[in-house]
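Structural features, examined
Here are the chains, one letter per residue:
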Amino acid sequence: MAKPTLNQDELNTALAELEGWELSGDGKSISKKFKFSNFVNAFGFMTKMAIVAEKMNHHPEWFNVYNRVEVTLTTHDSGGITELDAKLAARMNKAAA
């Protein structure tokens, strides 16, 4: 069953708490660019987050080149941003810190 999307107030609150995350132009996803010291650290972050995402059954769209990881989060079956996206974004910020 699809999760409910966040309303505007919930989305504003979530974004205020998620340092560095930006809302897409269409308002249906959030994204962030992470930068690490090298490829091993970037890939390690992706590996750690892949395990978290699998446990949450919520998988990111991401792109990696050398020390950068670009992440976009949306809940496709809901057609927008849900609590799962906010939770995964928070976990990513914590892991990258």
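Residues numbered from 1 in each chain as written. Predicted model: local features only at pLDDT ≥ 70, side-chain atom pairs only at ≥ 80, totals over all residues. Heavy atoms only, no water.

As annotated in an unreviewed UniProt entry, the protein chain carries the name Putative pterin-4-alpha-carbinolamine dehydratase and comes from Ahrensia kielensis. Taken verbatim from the UniProt record of the protein chain, the Sequence similarities (unreviewed entry) comment is "Belongs to the pterin-4-alpha-carbinolamine dehydratase family." Taken directly from UniProt, the Catalytic activity (unreviewed entry) text for the protein chain runs: "(4aS,6R)-4a-hydroxy-L-erythro-5,6,7,8-tetrahydrobiopterin = (6R)-L-erythro-6,7-dihydrobiopterin + H2O". (UniProt positions renumbered as here; feature names shortened; annotations may be inferred.)

**Re the packing of aromatic side chains**
Counting across every chain of the model gives five aromatic pairs. Where F34 meets F45, the ring centres are 4.9 Å apart and the plane angle is 45°; that geometry is what we call tilted. With F34 in strand β2 (residues 30–35) and F45 in helix α2 (residues 39–56), this residue pair connects regions lying eleven residues apart in the sequence. This pair shows no difference in class: F34 is buried, exactly as F45 is. With relative accessibility at 3%, the residue F45 sits in the buried group. An aromatic cluster is built from W21, F34, F36 and F45, whose rings are joined through pairwise contacts. (Phe/Tyr/Trp six-rings, centres within 6.5 Å; stacked < 30°, edge-to-face > 60°. Helix = DSSP H or I, 4+ residues; strand = E, 2+ residues; numbered from the N terminus. Buried < 20%, exposed > 50% of the residue type's maximum accessible area, 1.4 Å probe, protein only.)

**Comments concerning the sheet that holds strand β4 (residues 68–73)**
Spatial strand order, β1-β2-β4-β3: four strands in an open sheet with antiparallel pairing. Both outer strands of the open sheet, β1 (22–23) and β3 (61–65), are each paired with one neighbouring strand and no more. In the sheet, β2 pairs with β4 via six bridges, with the strands oriented antiparallel. Following the sheet pairing, K33 is matched in β4 by E70. Relative to the sheet, α2 contacts β2, β3 and β4, its axis offset from that of β3 by approximately 160°. On top of the sheet, helix α3 (residues 83–96) reaches β2, β3 and β4; it is set at about 10° to β2, its chief contact. (Pairing = 2+ DSSP bridges. Contact = heavy atoms within 4.5 Å. Axes fitted to C-alpha atoms, helices over the stretch in contact; angles between N-to-C directions.)

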